[in-house]
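What follows is each chain in one-letter form.
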Amino acid sequence: MSVIDSTSPQWIESQYQLYKTDPQQVPEEWRSFFQGFELGMENRDSLAPDHKPAAVQSLIRRYRDIGHIYACVDPLTPCSLEHPLLQISEFGLEESDLNRTFATDNFILPQATLKEIVDILKQTYCSSLGMEFMHIPIPEERKWLQEKAEEARNRSALSREKKLATMKMLLKASKFESFLHRKFVGQKRFSLEGAESVIPLLDHLIETAASMNMKHVVIGMAHRGRLNVLANIFEKPLENMFAEFADNERYKIVGEGDVKYHKGYSTDRCFTSGCIHVSLASNPSHLEAVNPVVEGKCRARQDRMDNGEYNAMPLLIHGDAAFAGQGIVAETLNLSQLAGYKTGGTLHVVINNQIGFTTLPVDARSTCYPTDIAKMLMSPIFHVHGDDPEALIQAATMAIEFRQKFRKDVVIEVICYRRYGHNEGDEPFFTQPLMYEKIKNHPLTADIYKNQLLFEGFQEAELQKIADDIDAALEEALNREICPLHEIFLKQWSHIDREFSFKRVETGVAETTLQGLSETLTSIPADFTPHRKIATLLKKRRTVVAEKEQAIDWGTAEALAFASLVNEGTSIRLSGQDSRRGTFNHRHATLYDIKTGREYTALADIARSAGCRFDAFNSMLSEAAVLGFDYGYSVETPDDLTIWEAQFGDFANGAQVIIDQFIASSLAKWDRPTGLAMFLPHGYEGQGPEHSSARIERYLQLCADNNMQVVNPSTPAQFFHVLRRQVRTAYRRPLIVATPKALLRHPACVSSLAELSSGHFREILPDDLAPTDCRRVLLCSGKIYYELLNQRSEGGHNDVAIVRIEQLYPLHTELLQEILAPYRNDVEYYWVQEEPGNGGGWDHLRPLLRELIGKEPVYVGRKRSASTAVGSHRIHKIEQQQILEKAFATL
């Protein structure tokens, strides 16, 4: 989009001519300017021109623009009665003008006295709800927001029943916390006290979503207030929650998974307007890490529904310090409008406690509001007084309606406080004595709202009955037996085995089927003009498959694996930086017409014919948010193949929190399995320490209890079979694949059609040329095999066998024993790798191999190093040659 110089006389003149033709086509601020200009021209001979109508328009605009700065939204700070920048004198208006009637433009009243105009603006923009929306560049969106706000004066007209329901939710939130405080003294709960209005806010959002015929709300939040949300929004049985606090062995709560304020839940909530499924994603103390996970879970549900983004909504609950401070927030916001990741708008609720642990905002952010990062999306932001639940309900109504209409994110900031410290055992007076002196004397939100209702005519007795009923329910639940929980959010996993198994899964595909799929994959529409090199590549792929040549390379095998799966009805999602083409130019899943730029994805056509999906997305330049998104997607789609591909293997470093907290451990902590596959390009080619290593050792260090599969396949056929195995096994585990770089086009790294049409993934590949009189067995994994093979051939080392471990974890020890059994007892066992000694598979495999072969294996590889590789190509070649020579040297 070109930038227009709006200060040039030519542009101003063009806008003025447009204004004279049709004022509505000119931006609001320029209409005000031209009105003033014409008034000035009409009175140019007068000593006192009437500038005041234009001044009134400027006053209206300023309230809309900065009224939120002066809104009464902080429970701990007295409201300001005077707003210097909003004084009428700032605009050349006087007290005597208050009763003067002015014609207005773009205002809810076509004409009104100045006093009426100011009263409406103060009520709308400077009461308990402040709005930021004038930064939005789309006139339609701004106009919708200002009309909604000004027509209602930014207050919800709640029925008597709704007010009582709001009172009940406030009391439930408050009494739940005080009950836990009394009954389970000293236990952490990360209470919601000080922000109890969040409970009626969430309840209203979910009820409104149900009234709009939504089917799903997927929620993510950190631990503060989580137990309250589980009890009062998800209606998790109180007896179960109390059993977790009691740590009662009889309830089998102790030692299972994670702490109670990290766990997820799911339920169906029913209202008079309809029922809706609500789920809460499990989340560790990495507060905002759950954000992209929720987006992925929601997108997966949308992809399974017609008009999906209208029927499923993400709802993220943040803390103020985390929202402003953690980079994954900005990464997740950036996903919101991208084709492969959008979810039709997310509702963000920011609980502004005005402190992060012990850190005040002045030390925690450089922005006015913690929510300023959301302006990158041009989203509306509502700042709301945390002790005014009715203002929050008004904000919630506008937010969800805006989301449904414009498919964009919306932010609600609940400005409140934290009654206790970071946890209930913390002492906040150590670091914030002045703030906590205010908090100590501040009344509960429920008491404030109760007094409001009494003033409005509600009876003390009916309000007291609500409180008494809640007290009785809490006491009764404390002594009740726990309720068996039905895991309705795992029903899509009910047919998946829980246990890992080495049971062989035949993953071959008939030759005729593969040839037919190859024909489709390599055919180009008649009206499509590909790049000539792509046309040549496709022709070659078609030939090697059709003629059954021993020349199927990595890219061809991958394409056939994808095609065979979607042809069988299995959907595939591939996501990552430049994944459509592939970092190393091997994939070309999507082709581009060189004349028109038109896209063509043959795999998507095959998928549509089979009634499933093939989606390949080039992601934004992010690892944490995109991997988190794809993990969330995979949790909801156990029968699909979901793949995240790193541009280089070490790029996954930027997503370590997602790997540690969700992919490696979520099954153990939260009983949440995933079949996500991660492609991590790996291999030492002398290009320096960056991008040589996928850090295989890090994944192996995270491995235990069969939680992941770490593979380093060395042939296209092995890659073909492991991809198919991932969705054809009875179980699901994350699949970490060290994919090659140089091997993509290595002349020896090829397979035959027969190797794809029959067989299965082999965790360990024996040496088919193993000599009968063998002095040494070289155990290795991945690319180094081909260099060892060449060294053996050139050196005539016919007394050395090379065995490839294709699956590093879980190590198939029985198969390895079977392969090694024919060798003599005095044979030497070497482990050979190109990575440093503190990298690759060595540290992980060393004790396993020692136990298996009964003696210490000899290590051959680079020395232990603080860096993954040297920066010199010359030194790299020397080191690589030293490894090869040592592997075959005679002792």
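About the criteria used
Starting afresh in each chain, residues are numbered from 1 along the sequence in its written order. Residue-level local features of this predicted model are given only where pLDDT is at least 70; pairs of side-chain atoms are given and counted only at 80 or more, and the full residue set underlies all totals for whole chains, interfaces and linings. As a rule here, side-chain values come from all non-hydrogen atoms in the structure, and water together with hydrogens is ignored. Only protein chains enter the accessibility calculation, which uses a 1.4 Å probe; a residue whose area is less than 20% of its type maximum is buried, one above 50% is exposed, and one in between is partly exposed. Only DSSP runs of H or I reaching four residues or more are called helices, and only runs of E reaching two or more are called strands; each is numbered from the N terminus. Strands are labelled as partners when DSSP assigns at least two bridges between them. Axis geometry follows a simple rule: fit a line to the C-alpha atoms, using only the stretch in contact for helices, then measure angles between N-to-C directions, giving values from 0 to 180 degrees. With respect to orientation, any angle under 35 degrees is reported as roughly parallel, any angle over 145 as roughly antiparallel, any angle of 65 to 115 as roughly perpendicular, and every other angle as oblique. Note: crossing handedness is left-handed where the near helix turns anticlockwise from the far helix by less than a right angle, and right-handed where it turns clockwise. By the convention used here, residues are in contact when the closest approach between their heavy atoms is within 4.5 Å. Nonpolar residues are Ala, Val, Leu, Ile, Met, Phe, Trp, Tyr, Cys and Pro. Charged residues are Asp, Glu, Lys and Arg, and all others, Gly as well, are polar. Predictor confidence is given residue by residue as pLDDT, running from a minimum of 0 to a maximum of 100.

**Student:** Account for the pairing of strand E3 (residues 129-132), naming residues and giving values.
**Tutor:** Here E3 shows two buried faces, one formed by Leu129 and Met131 and the other by Gly130 and Glu132. Here E3 runs beside strand E9 (residues 381-385); their pairing, made up of 4 bridges, is antiparallel. Considered in E9, the bridge of Met131 is made with Phe382.

**Student:** Residue-level account of the pairing of strand E14 (residues 614-618), with values.
**Tutor:** Across the 5 residues of E14, 4 count as buried, placing the element largely inside the fold. As defined by bridge partners, strand E11 (residues 572-576) adjoins E14 across 5 bridges and the pair is classed as parallel. Of the residues in E14, the one forming a bridge with Gly576 is Asn618.

**Student:** Can you tell me about the sheet that holds strand E17 (residues 709-711), naming the residues and giving the values?
**Tutor:** With respect to topology, 7 strands assemble into an open sheet ordered E14-E11-E15-E16-E18-E17-E22, the strand pairing being mixed. Strands with a single pairing partner mark the edges of an open sheet, and in this sheet they are E14 and strand E22 (807-809). For this sheet, the mean angle separating the axes of adjacent strands, direction not counted, is 20°. When strand E15 (residues 641-645) meets strand E16 (residues 677-681), the two strands line up parallel, connected through 3 bridges.

**Student:** Account for the packing of helix H6 (residues 160-183) against helix H18 (residues 460-478), with residues named and values stated.
**Tutor:** It is at 9 Å that the axes of H6 and H18 come closest, and there the two elements cross at 40°. As summarised for this structure, H6 and H18 are arranged oblique, according to the angle between their axes. Like other packed secondary-structure pairs, H6 and H18 cross with a definite hand, here right-handed. Along its contact with H6, which presents Arg160, Leu164, Met167, Lys168, Leu171, Lys172, Lys175, Phe176, Phe179, Arg182 and Lys183, the element H18 presents Glu462, Leu463, Ile466, Ala467, Ile470, Asp471, Leu474, Glu475 and Leu478. Taken together, the residues that form the contact of H6 with H18 break down as 11 nonpolar, no polar and 9 charged.

**Student:** Would you mind going over the confidence of the model for the chain in detail, with residue names and values included?
**Tutor:** Of the residues in the chain, 95% reach a pLDDT of 70 or more, and the chain-wide mean stands at 92. Across residues 1-7, confidence stays below pLDDT 50; counting only partners more than four residues off in sequence or on other chains, it has 6 contacts. A low-confidence stretch, residues 44-48 (pLDDT under 50), is modelled with 0 contacts involving residues beyond four sequence positions or located in other chains.

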